Amino acid sequence: MAQTAAPTPGLTLTDLQGARARHRRERMMRGLFFSAALLAVVISVAIVASLAGGALEFLRRVDLNTLWSRGWFPRRNLFDVKTIFVGTLMVSVIALLVAAPLGLGAALYLSEYASRRSRRFLKPILETLASVPSVVMAFFALRFISPEVIQRLFGSDVPIFNIATAGVAVGILVTPLVASVAEDAMYAVPNSLREASVGLGARRRTTSIRVVMPAAVSGITAALILGVSRAIGETMIVAIVAGGTGGSLFSLDPLKGGQTMTAAITALATGSDQVRGSGPAYQSLFFVGLLLFLLTLALNLGAERFVRRVRRQY
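Everything quoted here is computed from the prediction, not taken from an experiment.

Draft legend 1. How the structure looks around the overall build of the chain. Scanning the chain from terminus to terminus reveals 13 helices and three strands. For a compact globule of 314 residues, the expected C-alpha radius of gyration is about 20 Å, and the chain comes in at 27 Å, more than 25% above that figure. Classification of the 314 residues of the chain by burial places 39% in the buried group. Pairs at least 24 residues apart make up 76% of the contacts formed inside the chain by residues separated by at least 6 positions. Total accessible area computed for the chain in this model is approximately 18,700 Å², and 63% of it derives from carbon and sulfur atoms. One way to put it: in the chain the 32 positive side-chain charges average out to a point 6 Å from where the 16 negative ones average out.

Here is the structure:
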């Protein structure tokens, strides 16, 4: 009679728990990642706290009537908020009017019309354009956009330094960002939607505009919001081209010089030793920075809410 083999012992709970050294490494990595996330939160809170502290100090020292005056001249104790807000708004709107059609048109071509070979060739070039330094774009605006575009369209009496030129230059700088993000969103649309549209007899143009773009509306919206946020935060172009170096009178005319929030910070922070001796001018840097932060935060929160509401899952 054959001898039966002894049964092998089953796995215990200790065996399933794994090695202790592995658990130590996992806890160490978890702590490292948590520290990185916590550090990011702490830095963000510190930035907001520093801005809020300086802004409150500015509001305590300044006459509130100067916040609604005839212009932004901080060294003269004139802190008209609407001047820099309207200047920022005009530059952003002009930039969006330039970047939206160019960027979405480029994205639509790369996603729906270009061959794979053309897409592999053109997409990196388009993304490379986003790395053009803003100071280079500013001098391009002064040498070409202002004299050859703005002055030819609106007359030679338009000054070289003006809001419209700054807006067009910022729009060109923002276009690759809008195009790249929007193209990724359109390219991610399932081909089954395109095939269904073509199967119903729709042309490529109809499929692109009425099927692909609505399906990618959340990504397109995110691209436009990124472009607007980039335009609001642009500094060097508006500081050089907009024409409001030392300050600006309130104006709704984009063909005149103006001041934006970022340009106001740049112009005032240059030579900060002089700013400290100019009354509440130094604290106004924190006040404008806080306004800029709140503006971009409200824009991003509104965009995120809109994207979540219109997002489609396939």
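Draft legend 2. Region of interest: unusual backbone geometry. Here N77, not a glycine, exhibits a phi torsion of approximately 65°, which is positive. Positionally, N77 belongs in the loop between β1 (71-73) and β2 (78-79).

Draft legend 3. Seen up close, the nonpolar core. Core analysis: the biggest nonpolar cluster contains 42 residues, and I150, V170, M186, I237, V238 and V241 have the highest contact counts within it. Contributions of two or more residues to this core are made by α3 (81-113), α5 (134-154), α6 (163-187), α8 (204-215), α9 (217-233) and α10 (236-241). Of the residues forming this core, the biggest block, twelve residues, is contributed by α6. Discounting residues that sit within four places of it in the chain, V238 has contacts with V91, A166, V170, G243, T260, T262 and A263. Ranked by size, the runner-up nonpolar core spans 17 residues in total, among them L51, V228, I232 and V288.

Draft legend 4. Spatial organisation of the pattern of salt bridges. A full pass over the atoms with the stated rule returns eight salt bridges. Two residues, K123 and D184, come together in a salt bridge whose shortest N-O distance is 3.0 Å. Note that K123 is positioned in helix α4 (residues 116-129) and D184 in helix α6, a separation of 61 residues in sequence. The class for D184 is partly exposed, based on a relative accessible area of 39%. Through salt bridges with shared partners, a single ionic network connects R119, K123, E183 and D184.

Draft legend 5. Seen up close, the confidence of the model for the chain. When pLDDT is averaged along the chain, the result is 84; 90% of the residues meet or exceed 70. At the low end of the mean pLDDT range in the chain sits helix α12 (residues 272-276), at 53; at the high end sits α3, at 91.

Draft legend 6. Representation of the environment of K256 within the structure. Relative to the elements of secondary structure, K256 occurs in the loop between β3 (248-249) and α11 (261-269). Other than its neighbours up to four places away in sequence, K256 contacts F161, N162, I163, A242 and S251.

Draft legend 7. Summary view of the sheet that holds β2. Strand order in this open sheet of three strands is β2-β1-β3, and the pairing throughout is antiparallel. Each edge of the open sheet is held by one strand with a lone partner, namely β2 and β3. Strand direction decides the pairing type here: β1 and β2, joined by two bridges, are antiparallel. By the bridge assignment for β2, F73 is matched with L78. Contacting β1, β2 and β3, α3 crosses the sheet at an angle of about 105° to β1.

Draft legend 8. Region of the structure containing the packing of α3 against α9. The geometry of α3 relative to α9 is characterised by a closest axis approach of 9 Å and an angle of 140° between their N-to-C directions. Classed by the angle they form, the pair α3 and α9 counts as oblique. When you trace α3 past α9, the crossing you get is right-handed. Contacts from T88, S92, A95, L96, A100 and L104 in α3 reach I220, L224, V228, A231 and I232 in α9. By residue class, the composition of the contact of α3 with α9 is nine nonpolar, two polar and no charged.

Draft legend 9. View of the packing of aromatic side chains. Counted by the stated rule, this structure contains five aromatic pairs. Look at F58 and F79: their rings are 5.0 Å apart centre to centre, the planes differ by 85°, and that puts the pair in the edge-to-face class. Taken together, the residues span a long stretch of sequence, with F58 in helix α2 (residues 20-61) and F79 in strand β2 at a distance of 21 residues. This pair shows no difference in class: F58 is buried, exactly as F79 is. Seen in terms of ring centroids, W72 and F79 are 5.7 Å apart; in terms of plane orientation they differ by 75°. Their pairing is edge-to-face. When its relative accessible area of 2% is taken as the criterion, W72 is described as buried. Given the relative accessible area of 0%, F79 is considered buried. Ring pairs connect the aromatic residues F58, W72, F79 and F287, which therefore count as one cluster. Between R76 and the ring centre of F73, over which it is positioned, the NZ or CZ distance is 4.5 Å. Its guanidinium or amino end placed over the ring of Y187, R119 lies 3.8 Å from that ring's centre, counting from NZ or CZ.

Draft legend 10. Representation of a nonpolar patch on the surface in the model. Taken together, the side chains of Y109, Y113, F121, L122, I125 and L129 define a hydrophobic patch exposed on the protein surface, amounting to about 560 Å² of accessible area. Listed by contribution, the elements that provide at least two residues to the nonpolar patch are α3 and α4. Per element, the largest residue contribution to the nonpolar patch is four residues, and it comes from α4. Along the polypeptide, Y113 turns up in helix α3.

Definitions and cut-offs
- Residues numbered from 1 in each chain as written.
- Predicted model: local features only at pLDDT ≥ 70, side-chain atom pairs only at ≥ 80, totals over all residues.
- Heavy atoms only, no water.
- Helix = DSSP H or I, 4+ residues; strand = E, 2+ residues; numbered from the N terminus.
- Rg over C-alpha atoms; globule rule 2.2 N^0.38 Å.
- Buried < 20%, exposed > 50% of the residue type's maximum accessible area, 1.4 Å probe, protein only.
- Contact = heavy atoms within 4.5 Å.
- Areas by Shrake-Rupley, 256 points an atom, 1.4 Å probe, with all protein chains shown as cover.
- Lys, Arg positive; Asp, Glu negative; His and termini not counted.
- Charge placed at Lys NZ, Arg CZ, Asp CG, Glu CD.
- Core = buried A, V, L, I, M, F, W, Y, C linked by side-chain atoms within 4.5 Å.
- Salt bridge = Lys/Arg side-chain N within 4 Å of Asp/Glu carboxyl O.
- pLDDT = per-residue confidence, 0-100.
- Pairing = 2+ DSSP bridges.
- Axes fitted to C-alpha atoms, helices over the stretch in contact; angles between N-to-C directions.
- Parallel < 35°, antiparallel > 145°, perpendicular 65-115°, else oblique.
- Left-handed = near helix turned anticlockwise from the far one by under 90°.
- Nonpolar A, V, L, I, M, F, W, Y, C, P; charged D, E, K, R; others polar.
- Phe/Tyr/Trp six-rings, centres within 6.5 Å; stacked < 30°, edge-to-face > 60°.
- Lys NZ or Arg CZ within 6 Å of the ring centre and 35° of its normal.
- Patch = residues over 30% accessible without salt bridge, like charges linked within 9 Å, V, L, I, M, F, W, Y side chains within 5 Å.

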